[in-house]
Every structure is written in structure tokens, then in C-alpha cells.
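Each chain, letter by letter, is given below.
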Amino acid sequence: MTARIRTLALAGLAWLVPTLAGALEGESEIFPATAKETGHLVIHAATDLEAMRPLLRDFQARNPNIRIDYVDYVTNDLFREARDACRAGTSEADILLSSSVDQLVRLANDGCAQRHDSPETRSVPDWANWRDEVFGFTFEPVVFVYDRRRVPPEDVPRSHDALLELLRRKPDAYHARIGTYDIQASGIGYLLAFYDSRQAPTANGRLLEALSRVETIVRCCNNEVLGELAAGRISIAYNVLGSYAYAAVLANPNLRIVLPRDYALILSRGALVPAAAAHPDLGKRFLNYLLSARGRQVAKDASFFFAENAPLPVGVDGPEALMDSGIGRPIRIGPALLAAQDEIQRSTFIEDWRRHIGEHPQR
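Residues numbered from 1 in each chain as written. Predicted model: local features only at pLDDT ≥ 70, side-chain atom pairs only at ≥ 80, totals over all residues. Heavy atoms only, no water.

J.: Sorry if this is basic, but what is going on with the sheet that holds strand E13 (residues 270-272) here?
T.: Strand pairing in a sheet takes place through backbone hydrogen bonds and is either antiparallel or parallel in direction. Pairing is mixed in the open sheet, where 7 strands are placed in the order E1-E3-E2-E4-E13-E6-E5. The sheet terminates laterally at strand E1 (28-31) and strand E5 (129-130), the two strands that pair on one side only. Packed on one face of the sheet, helix H5 (residues 101-109) meets strand E4 (95-98), E5, strand E6 (134-136) and E13 and runs near 25 degrees to E13. (Pairing = 2+ DSSP bridges. Helix = DSSP H or I, 4+ residues; strand = E, 2+ residues; numbered from the N terminus. Contact = heavy atoms within 4.5 Å. Axes fitted to C-alpha atoms, helices over the stretch in contact; angles between N-to-C directions.)

Next comes the structure, spelled out in C-alpha cells:
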């Protein structure tokens, strides 16, 4: 790790404690140019500002004349704003970043994205590039996180089936002690639940029933679920993005991460340059940075912690070579994601989920 990246990593870790205390999405911040301003980049993102801060600072170190306006949204709000702007033929953003890559694919499918071809985009694996319009720039496994003070070693679930069996064996011990996304409020929560249902439909249905019986706690987003865990109000967080989970572990030594051994979904957070971007050249320049070797190194060391061709972060319970193990299941960025965005299918899926997990009053 270079001295510059080490400094960024330390700066990035400073956000962990306040974020996990319950910071909400919706932050915005202006990063003034550090030299005479010659350009103005506007980023709209469903990606935590503090996780992105090391990348924004490093980009500005290489582009000191660029001012950055960063606005952080909940995934569904970002999608609605981008869709409405596209229909009006406008865009306030020069680049969109979102964990809900299905929403970005839908935007691109509706003609709301610009194509971009560069040496950096050509380095992106096929599963993380759709039509040179939507690009994945992270590698984030979906994990379980538990509090070792409240989950004894024999209870630690290392697969989806193991979690199901735990909830069947000890429903009282884990009553209202499991937390996960509210998939109606969270685009990424919905996407992960949708893909879980496709990996193992029958087993997933049984797990959903078990989660319902123990009155699982649902929250809008990663940081709120992890905030409940850090505060001791739940014992296990289910279906959390590995990047946020690892940040939580670094902030709290009582937390531990497990990669489920039956399968682990892999999300690549997506980037898209809007068709009507006011400064598409700057949006594409930032996209090139995110996809560059430099950007990926900063992302691994200071922001998202996991990388496709690197060992798991220290302390993560899982196979060293995630993709070679056969456990990793990348969510391919492409037309198959449009099925998740089909309005009838989406509403039916969410309604079924609400009849189970979502029907309990939330504490």
C-alpha cells in the first residue's frame, strides 16, 4: 500500500463509528477544487458519502481543478429522480452511482445512458459491463454479520440452510434478534431478495417463513441494519453488503462476518453517465478513475475492502479464493436484471414478502 493510499485508508476509517450510529442517506457535500476551478462534476449516488470520500479525495488529488458536488440518495429515490429527469430530457448529474444495478440497467434500457469506451472500461469483466453503458466498479459479497457476545460459536450460521435450522431450533433465543433490509423501501434490498429467491426457490421460501416466525427486524438500508447490530438490539444481520459489514467490524471488535458456504451473491456497484449529463466528459473521467488500477486499489484499501482478485479481508470467515471456490455468484449486469424491474413481478414479489417478514410491527 502506498503512503498516499494508506493516508486515504486512515481517513476513510474515521467515518465508521458515526455512520453506524445511524446516519441517514441524503447527505450532500461540495468538494471545492484545490486549484483554480476549471470544471464542475456532479455525482448523484446511492453509495454512502463517507465510503466514497477516499475515492473523491484521490480523484481530486489527480484533478485539482475539478469541483465535485456529491449527493447521496436512498436507491429508490435516486432511481425515481433519474427516471423523471430522463423523461424530461434533462439531468442534474454527470454520473450516477448505485448499488441497485437493476435500476441502472432499466435506465439504460430506456435510453437514459451514454455509451463510453475507454481502456479502463475495456478492462471490466463481461459480467460487470452492459452495452458499455452500465459498469460495475466494486466487488461486494453479500454476507451475514453477527455479534459474538450474543451468538455462541455453535450457533454461528455458515450457510442459508444453517440459518434456517438455527431459527427452527432456537426461535425464542432469536425472536426479534435478526435484522435485514426492508425490500419495499430499499432497491438493493429488493434486488438481493429477488436473486436469493432464484438461487434456491424452495429453500429460500422456507427461510422466509422462519424469518417471519421470529419477527425479523427490517430497516431501510445497510447502515441502519448494522446500526441495530452495533447497538445490541439484534444479534445477526442477514444479507448485508460485505463492504459495509467490514466497516462495521473495523469499528466494533465484537462483530464478525460470515460468507455463506452454499452460495454468496456478489454485487458490483454500478455507474452510468446520464444521456443528458451537462458535463459528460467529467462524468466519464471520473468513471475511468473508478475503473482504473489506481481507483480499484483505493477502493479496496479505503472504501469497499473486497476485490475480485485479492484474498478476503483479514478476519472474514470464508474461502480465500471466493470465485475459485464456486461459492461466489456474481449478479450479472445485463438484460436479465430487467426481470427484477418488471412492475407486475416486482409488486407481486414485494407483496408476498410483506405477508411474511413485513407484516410485523417494527420496533
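J.: I tried to follow helix H4 (residues 75-87) on my own but got confused; where do I start?
T.: Given 3.6 residues per turn, any residue in an α-helix points the same way as the ones three and four places further on. Between the first and last C-alpha of H4 there are 18 Å, a value that for 13 residues agrees with the 18 Å anticipated at 1.5 Å per step. When H4 is considered as a whole, its buried residues turn out to be Thr-75, Asn-76, Leu-78, Phe-79, Ala-82, Arg-83 and Ala-85. Among the structural elements, strand E2 (39-46), E4, H5, helix H8 (187-199), helix H14 (337-341) and helix H15 (343-356) are those in contact with the buried residues of H4. Positive backbone phi, at 75 degrees, marks Gly-89, one or two positions downstream of H4. (Expected span 1.5 Å × (residues − 1). Buried < 20%, exposed > 50% of the residue type's maximum accessible area, 1.4 Å probe, protein only.)

J.: I would appreciate a short explanation of the state of the cysteines in the present structure.
T.: Among covalent bonds in proteins, the disulfide is the one between the sulfur atoms of two cysteines. By the definition in use, this model includes 2 disulfides. One disulfide bridge connects Cys-86 with Cys-112, the sulfur atoms lying 2.1 Å from each other. Taking the sign of the torsion about the S-S bond as the criterion, the disulfide between Cys-86 and Cys-112, at about -90 degrees, is left-handed. Taken as a pair, Cys-86 in helix H4 and Cys-112 in the loop between H5 and helix H6 (119-122) lie far apart in primary sequence, 26 residues in all. According to the relative accessible area criterion, Cys-112 is buried, its value standing at 8%. With a sulfur-sulfur separation of 2.2 Å, Cys-220 is cross-linked through a disulfide to Cys-221. Classification of Cys-221 by relative accessible area gives buried; the value is 7%. For the protein, numbering the cysteines in disulfides from first to last along the sequence yields the connectivity 1-2, 3-4. (Disulfide = S-S within 2.5 Å.)

J.: Even after reading the chapter, I still don't get helix H7 (residues 160-169), so can you show me in this structure?
T.: Within H7, the full set of buried residues consists of His-160, Leu-163, Leu-164, Leu-166 and Leu-167. Taken around the axis of H7, the buried residues stretch over an arc of 160 degrees, which confines them to a single face. Buried residues belonging to H7 abut strand E7 (140-147), strand E8 (178-181), H8, helix H9 (201-213) and strand E10 (236-241). (Arc of directions from axis to C-beta.)

J.: Even after reading the chapter, I still don't get empty space enclosed by the protein, so can you show me in this structure?
T.: To find the voids left in a structure, one rolls a probe of water-molecule size over its atoms. Scanning the model with the defined rule gives 2 cavities of 30 Å³ or more in all. Estimated volume of the second largest cavity: approximately 30 Å³. If you go around the second largest cavity, the residues you meet are Thr-75, Leu-78, Phe-79, Ala-82, Leu-96, Ser-98, Gln-103, Leu-104 and Leu-107. Among the elements that make up the lining of the second largest cavity, the one with the highest residue count is H4 (4 residues). Its residues assigned to classes, the lining of the second largest cavity shows 6 nonpolar, 3 polar and no charged. (1 Å grid on protein atoms, 1.4 Å probe; cavity = no way out; pocket = protein on both sides within 12 Å on 5 of 7 lines; lining within 4 Å. Points joined across faces, edges and corners; volume = space filled by probe spheres on them. Nonpolar A, V, L, I, M, F, W, Y, C, P; charged D, E, K, R; others polar.)

J.: Can you help me understand the confidence of the model for the protein in this one?
T.: Detailed conclusions should not be drawn from predicted coordinates in areas where pLDDT is low. Model confidence for the protein is summarised by a mean pLDDT of 90, while 91% of its residues fall at 70 or above. Scored below 50 in pLDDT, residues 1-25 makes 46 contacts in the model with residues more than four places away or belonging to other chains. (pLDDT = per-residue confidence, 0-100.)

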